[in-house]
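A look at the structure
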Amino acid sequence: MEKINIRGVNFLNTTLDGAAEYIWQRFADGEQTAVFTPNSEIVQNCIDTPELYETVNSAEVIIPDGIGVIKAAKILGTPLRERIPGVELGERIIRESAGHGAKIFFLGSKPGVAEAAAEVMKERYPSIDICGCRDGYFKKEGSECDEVVGEINESAADILFVCLGAPVQEKWICANRARLPGVRVFLALGGSLDSYSGNVKRAPEFFCRHGLEWFYRLMCQPSRIGRMMKLPKFYFGTWLFKLKNKNQ
Ligand code: UDP
């Protein structure tokens, strides 16, 4: 599968269908797969803190979640085929999980959210098997973390949703995937459980279609303003990067 490097992060050049098929192919082959869905904020975090590149690029599947990455790819003259919202890819994997005999564990978000998300998904796709839920407010190292790993192993989960926010979830997967040998797919999906549970509404169609999902999220959660300042930094930084490389 073709990879395109955007500001140091190796994205798969695929579609939502292509990504899902690739994940299931690896699943059938018995290979462990980490799926990361960086947006421009996370790529900018890598640029600002280069140690993060190793963590982010360690995933076998990296897909662009966010219009900023798609725009950057265009600016750099190496367009990516489409934006793949992680929340949609996650639901697609849930929907198809029963057909592959895969059990799912939801890890992350505030207490009660994972259970509520499981209930909504079970109602929508009755044949799925959600074998465990756990909130994301535990110490990410030490005995509390060991306990969470033990719980996931005991559940015999094949697919693990890790919704702890970036970059905590990516670091957690890197640090713990070897201790979770039965898990074949790790999905680092930020606020997806909030979205599935109905706790946080996704942006209406209009905002998504016009690349304004970030603006909708900002209106709903104004406290995101600090994080969102990374977006213009990434956008203008990409233009500067392109000009600099052109002149070399
Ligand atoms: N979260 C968590 N454990 C923590 C910190 C955060 O489970 O220690 C959850 C938080 O409740 C939220 C998610 O991580 O459900 C992060 O959501 P956000 O929308 O910020 O994610 P992103 O923008 O990274 O997709």
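Anything mentioned here points back to the structure above.
Residues numbered from 1 in each chain as written. Predicted model: local features only at pLDDT ≥ 70, side-chain atom pairs only at ≥ 80, totals over all residues. Heavy atoms only, no water.

1. Quick look at the layout of surface pockets
There is about 1,300 Å³ of room inside the largest pocket. Around the largest pocket, the lining comprises 50 residues; the ones closest to its centre are Gly190, Gly191, Arg217, Arg224 and Arg227. When residues of the lining of the largest pocket are assigned to their parent elements, the largest contribution, five residues, is made by helix H11 (residues 213–220). Tallied by class, residues from the lining of the largest pocket come to 19 nonpolar, 18 polar and 13 charged. Size it by volume and the second largest pocket reaches roughly 230 Å³. Residue lining of the second largest pocket: 13 residues in total, with Ile67, Gly68, Trp214, Leu231 and Tyr235 positioned closest to the centre. Elements represented by at least two residues in the lining of the second largest pocket include exactly helix H4 (67–75), H11, helix H12 (225–228) and helix H13 (230–246). Residue contributions to the lining of the second largest pocket peak at four residues, all from H13. Here the residues of the lining of the second largest pocket sort into nine nonpolar, three polar and one charged. (1 Å grid on protein atoms, 1.4 Å probe; cavity = no way out; pocket = protein on both sides within 12 Å on 5 of 7 lines; lining within 4 Å. Points joined across faces, edges and corners; volume = space filled by probe spheres on them. Helix = DSSP H or I, 4+ residues; strand = E, 2+ residues; numbered from the N terminus. Nonpolar A, V, L, I, M, F, W, Y, C, P; charged D, E, K, R; others polar.)

2. Things to note about the sheet that holds strand E4 (residues 61–62)
Pairing is parallel in the open sheet, where six strands are placed in the order E4-E3-E8-E7-E5-E6. Looking at which strands have only one partner, the edges of the open sheet turn out to be E4 and strand E6 (129–134). With two bridges joining them, strand E3 (residues 33–36) and E4 adopt parallel strand pairing. Residue pairing across strands places Val35 opposite Val61, the latter belonging to E4. Most of the contacts of helix H7 (residues 143–155) go to strand E5 (residues 103–108), to which it runs at about 165°, and overall it touches E5, E6 and strand E7 (159–163). (Pairing = 2+ DSSP bridges. Contact = heavy atoms within 4.5 Å. Axes fitted to C-alpha atoms, helices over the stretch in contact; angles between N-to-C directions.)

3. A short note on the side chain of Arg177
Structurally, Arg177 is set in the loop between helix H8 (168–176) and strand E8 (185–188). The class for Arg177 is buried, based on a relative accessible area of 15%. Side-chain polar atoms of Arg177 contact the side chain of Glu60, separated by 3.0 Å. In this structure, Arg177 is in contact with Gln32, Thr33, Ala34, Ser58, Glu60 and Phe186, ignoring residues within four places of it in sequence. (Buried < 20%, exposed > 50% of the residue type's maximum accessible area, 1.4 Å probe, protein only. Polar contact = N/O pair within 3.5 Å; in protein donor to acceptor, adjacent residues only side chain to side chain.)

4. Brief notes about the site of the ligand
Close to the ligand lie 16 residues, the nearest being Ser109, Gly136, Tyr137, Asp194 and Arg224. Within the side chain of Arg217, a nitrogen or oxygen atom sits 3.0 Å from an oxygen atom of the ligand. Alone, the ligand offers 560 Å² of accessible surface; in the complex the protein occludes 77% of this. The cavity that encloses the ligand is the largest pocket. Its residues placed into classes, the shell around the ligand shows four nonpolar, six polar and six charged. (Near = heavy atom within 4 Å. Areas by Shrake-Rupley, 256 points an atom, 1.4 Å probe, with all protein chains shown as cover. Sits in = over half its atoms within 2 Å of the grid points.)

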